[in-house]
Amino acid sequence: MTTPTDPALEAAWRTHRPRVVGALLRRHGDVRDCEDAAQEAVLAAAEQWPRDGLPDDPGAWLVRVASRRLIDRVRSDAARQAREEVAAREEDALHRGVQTTDEQEPVTVPGDVVEMMLRCCHPVLSPTSRVALTLRAVGGLSTREIAAGFLVPEATMAQRISRARATLASGGASFGPPYPAELPERMAAVRHVVSLVFTEGHQRSSGDTVVDGAFVEEALRLARVLHDTCPEDPENAGLLALLLLTAARTPARTDAAGDLVPLERQDRRLWDPALIREGVHLLEVCLPRGGVGQFQLQAAVAAVHAEAARPEDTDWRQILVLYRMLEAVAPSVATTVALATATAEVEGAPAGLAVLDRVTDRRWHRVPAVRGHLLARAGDLDGARRSWGEAARLTRSMREQRHLDGLIEELDR
């Protein structure tokens, strides 16, 4: 056993959370009970591991303790007598020191996490609820982080997750493997989950850091598993390509002080050429297959940026075409904001502002942030100052807030 630190505990929890929740869900169908029992296990770890040392198999330890907590919950609920007998047998086995099948599984099974994501993306839930619940139950994101990914208030997302849990509980939904007919829809939801995990790692929605490497690496791992599991699916290849091409910029995204460096100011010599080559190759293989989807289009945009040695070499006309295609395939606020930027690069700031005016929900800080850039380019410095100030008030990221404040200071010089 080794002596754990707080980062070690957090890393262990992120690594093993899907396995723990998945093991519980296979025995007990109530998502809330399983999440609560898993959370109690990590609280027990926070108390015991600093004192006793990190277990040789943290995953098995967490599964074992979470199982006991779940057993306690099941025993206390008279309405679940049918499950009590099963739980009691597992408890006896645990007390005798006999490991269950889940505890005998290796900590890192290539498809284990993806399998649990597919199970959580249940067809009785709406697409948004599937993704949100999976991010919470398996992905390890907080409700605030999930809300930031969906561009909605935290309270709204909390209600959605609560309703999703209630829907599963009231409908007696099973967490068995999906039927073949359900697989494409569930796989699409899993891709969205992986994308949001990566986004939260690549650009933290709150706190004092720009990048969370643990989230980035986990999303890359999951994207590789998805592609390895279904290599014939071009959107799986597109997702992996997008993540690789975006992750390639990570070394240049922050300066020595940890502050955000925007794309146009990054030292492109720091970009990872191996990740870029891999991402571009994936695109070259999947794009000719036809049926181009949102992740392939986003990856194509990232490839255009990656292939430009200098910001002024960027083929913005090609990017504009790609974003117009993306808006037709998968319209969203984020796509409209990106389309406004590309439009401004090709047709001028006023045209970009006209596209941005299509966005009616201004709660996402990126909307006024981009508006500020376009207003500054159009010569409206007072408007830019107001927009950047609004964006700084809306964001929960201290580093992004500092960056926006810096832009305002540059205008005042």
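See the structure printed just above.
Computed from a predicted model, the values in this text were never measured in an experiment.

Draft legend 1. Representation of the overall build of the protein in the model. Helices and strands together make up the secondary structure of the protein, namely 20 helices and 2 strands. Within the span of the protein, comprising 413 residues, buried residues form 51% of the whole. A separation threshold of at least 6 residues defines the contact pool for the protein, and within that pool the share at least 24 residues apart is 64%. Looking at the protein as shown, the accessible area adds up to about 18,900 Å², and 52% of this sits on carbon and sulfur atoms.

Draft legend 2. Structural view of helix α7 (residues 127-139). Burial of α7 is extensive: 10 of the 13 residues sit out of reach of the surface. Taken together, the buried positions of α7 are occupied by Ser 129, Arg 130, Val 131, Ala 132, Leu 133, Thr 134, Leu 135, Ala 137, Val 138 and Gly 139. At the C-terminal side of α7, Gly 140 shows a positive phi close to 85°.

Draft legend 3. Region of the structure containing the environment of Ser 387. Relative to the elements of secondary structure, Ser 387 occurs in helix α19 (residues 381-394). With 16 residues separating them along the chain, Ser 387 and Arg 371 place their C-alpha atoms 6.4 Å apart. Each residue touching Ser 387, except ones within four places of it in the same chain, is listed here: Pro 368, Arg 371, Gly 372 and Leu 375.

Draft legend 4. Expanded view of the packing of helix α18 (residues 366-377) against α19. α19 packs onto α18 with a crossing angle of 165° between their chain directions and a minimal axis gap of 8 Å. The angle between α18 and α19 places the two elements in the roughly antiparallel class. Where α18 crosses over α19, the two elements pack in a sense that is left-handed. Facing α18, whose interface residues are Pro 368, Ala 369, Arg 371, Gly 372, His 373, Leu 375 and Ala 376, α19 presents Leu 381, Gly 383, Ala 384, Ser 387, Trp 388, Glu 390, Ala 391 and Leu 394. Here the contact of α18 with α19 is composed, by residue class, of 9 nonpolar, 4 polar and 2 charged.

Draft legend 5. Just the packing of aromatic side chains, in detail. On inspection of all chains with the given rule, the structure shows 1 aromatic pair. Between Trp 49 and Trp 61, the aromatic rings sit 5.3 Å apart at their centres with planes inclined by 70°, giving edge-to-face as the arrangement. Taken together, the residues span a long stretch of sequence, with Trp 49 in helix α2 (residues 31-52) and Trp 61 in helix α3 (residues 58-76) at a distance of 12 residues. Like Trp 49, the residue Trp 61 is buried in the burial classification.

Draft legend 6. Highlighting the layout of surface pockets. Looking at the second largest pocket, its volume works out to about 210 Å³. Residue lining of the second largest pocket: 14 residues in total, with Leu 260, Arg 265, Arg 402, His 403 and Glu 410 positioned closest to the centre.

Draft legend 7. Structural view of the environment of Thr 343. Position of Thr 343 relative to the elements: it lies in helix α16 (residues 333-347). The exposure class assigned to Thr 343 is buried, which follows from its relative accessible area of 3%. Between the C-alpha atom of Thr 343 and that of Trp 316, which follows or precedes it by 27 residues, the distance is 8.4 Å. Sequence-distant contacts of Thr 343, defined by excluding residues within four places in its chain, comprise Leu 320, Gly 348, Ala 351, Gly 352 and Val 355.

Draft legend 8. Representation of the pattern of salt bridges within the structure. Counted under the stated rule, the structure contains 23 salt bridges. One salt bridge in this structure joins Arg 324 and Glu 347, with 3.1 Å as the shortest N-O distance. Placement of Arg 324 in helix α15 (residues 316-329) and of Glu 347 in helix α16 is noted, with a sequence separation of 23 residues between them. Note on Arg 324: relative accessible area 43%, which makes it partly exposed. Relative accessible area serves as the criterion here: at 46%, Glu 347 is assigned to the partly exposed category.

Draft legend 9. Focus on the nonpolar core. If you look at the biggest cluster of nonpolar residues, it comprises 81 residues, and the most contacted ones within it are Leu 135, Phe 150, Val 194 and Leu 243. In terms of residues, this core owes the most to one element, helix α12 (residues 234-247), which gives 9 residues. For Phe 150, the contacting residues outside a window of four places in its chain are Thr 128, Val 131, Ala 132, Leu 135, Met 157, His 192 and Leu 196. Grouped together as the second largest cluster of nonpolar side chains are 33 residues, Ala 338, Ala 340, Ala 391 and Ala 392 included.

Reading the values: the criteria
- Residues numbered from 1 in each chain as written.
- Predicted model: local features only at pLDDT ≥ 70, side-chain atom pairs only at ≥ 80, totals over all residues.
- Heavy atoms only, no water.
- Helix = DSSP H or I, 4+ residues; strand = E, 2+ residues; numbered from the N terminus.
- Buried < 20%, exposed > 50% of the residue type's maximum accessible area, 1.4 Å probe, protein only.
- Contact = heavy atoms within 4.5 Å.
- Areas by Shrake-Rupley, 256 points an atom, 1.4 Å probe, with all protein chains shown as cover.
- Axes fitted to C-alpha atoms, helices over the stretch in contact; angles between N-to-C directions.
- Parallel < 35°, antiparallel > 145°, perpendicular 65-115°, else oblique.
- Left-handed = near helix turned anticlockwise from the far one by under 90°.
- Nonpolar A, V, L, I, M, F, W, Y, C, P; charged D, E, K, R; others polar.
- Phe/Tyr/Trp six-rings, centres within 6.5 Å; stacked < 30°, edge-to-face > 60°.
- 1 Å grid on protein atoms, 1.4 Å probe; cavity = no way out; pocket = protein on both sides within 12 Å on 5 of 7 lines; lining within 4 Å.
- Points joined across faces, edges and corners; volume = space filled by probe spheres on them.
- Salt bridge = Lys/Arg side-chain N within 4 Å of Asp/Glu carboxyl O.
- Core = buried A, V, L, I, M, F, W, Y, C linked by side-chain atoms within 4.5 Å.

No statement about biological role is implied by the geometric values presented.
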